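# Coordinates in review
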Amino acid sequence: QVHVVESGGGLVQAGGSLRLSCAASGPTFSAYAMGWFRQAPGKEREFVAAISGSGGSTAYADSVKGRFTISRDYAKNTVYLQMNSLKPDDTAVYSCAAKSIISASAVVTNDYEYDYWAQGTQVTVSS
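A brief report on the enclosed structure follows. (Residues numbered from 1 in each chain as written. Predicted model: local features only at pLDDT ≥ 70, side-chain atom pairs only at ≥ 80, totals over all residues. Heavy atoms only, no water.)

### Re the overall build of the protein
Helices and strands together make up the secondary structure of the protein, namely 0 helices and 11 strands. Counting helices and strands in the order they occur from the N terminus, the protein gives β-β-β-β-β-β-β-β-β-β-β. Taken against the 2.2 N^0.38 rule, which gives 14 Å for 127 residues, the C-alpha radius of gyration of the protein at 14 Å falls within 12% of a compact globule. Looking at the protein residue by residue over its 127 residues, the buried ones come to 43%. Considering only contacts in the protein between residues 6 or more positions apart, those separated by 24 or more positions represent 61%. Accessible area of the protein: about 6200 Å², with a carbon and sulfur share of 47%. In the protein, 10 positive and 10 negative side-chain charges are present, and the distance between their average locations comes to 5 Å. (Helix = DSSP H or I, 4+ residues; strand = E, 2+ residues; numbered from the N terminus. Rg over C-alpha atoms; globule rule 2.2 N^0.38 Å. Buried < 20%, exposed > 50% of the residue type's maximum accessible area, 1.4 Å probe, protein only. Contact = heavy atoms within 4.5 Å. Areas by Shrake-Rupley, 256 points an atom, 1.4 Å probe, with all protein chains shown as cover. Lys, Arg positive; Asp, Glu negative; His and termini not counted. Charge placed at Lys NZ, Arg CZ, Asp CG, Glu CD.)

What follows is the structure in C-alpha cells.
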C-alpha cells in the first residue's frame, strides 16, 4: 500500500509559478504510475498531468500543455508538478494519485483507475 502526501499549494498572482510536491511512502516507487488532478468549485475533477513508473512517458491536459511539467525523483520518492504562467482558471484543489502498474511505461489519465489519493492542496491564482 502507498501513502501519498502533497505540499506546495498557495496563492499566486497570474503569470506566476508554483511547484507542487507529492511524497509517496511504500515499497517500489517505480511500480506506481502517478498523476495530478484538479477540481474547481462547482466543476468536476479533471486530469492535469501524469507520468509513468519509469518516468519516460508523460501526458498533459491540453489546457496546461507548455505551462506545467510533471517529473519524479526516485531518490526522494516524490512527484512534482511545476506550474508556470499560471492563470486564474488554474485555481482549484490539486490532488496527486498513485496507481500500481504492470507496465513501467504506462501513463494513466483516468481518475477512476487510480488506487491511492492524497488529501488535496489549494492553488489560488489571482488576476
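### Regarding the nonpolar core
Soluble globular proteins: nonpolar side chains tend toward being buried together. Judged by nonpolar contacts, the single largest core of 39 residues is most densely connected at Val4, Met34, Trp36, Leu81, Met83 and Tyr94. Going through the elements one at a time, strand 3 (18–25), strand 4 (32–39), strand 5 (46–51), strand 7 (68–73), strand 8 (78–83), strand 9 (92–100) and strand 11 (121–126) are the ones with two or more residues in this core. (Core = buried A, V, L, I, M, F, W, Y, C linked by side-chain atoms within 4.5 Å.)

### Side note on the side chain of Asp90
Structurally, Asp90 is set in the loop between strand 8 and strand 9. With relative accessibility at 2%, the residue Asp90 sits in the buried group. Among the polar contacts made by the side chain of Asp90, one reaches the side chain of Arg38 at a distance of 2.9 Å. A distance of 2.8 Å separates a polar atom in the side chain of Asp90 from a polar atom in the side chain of Arg67. Discounting residues that sit within four places of it in the chain, Asp90 has contacts with Arg38, Arg67, Phe68, Ser85, Val123 and Val125. (Polar contact = N/O pair within 3.5 Å; in protein donor to acceptor, adjacent residues only side chain to side chain.)

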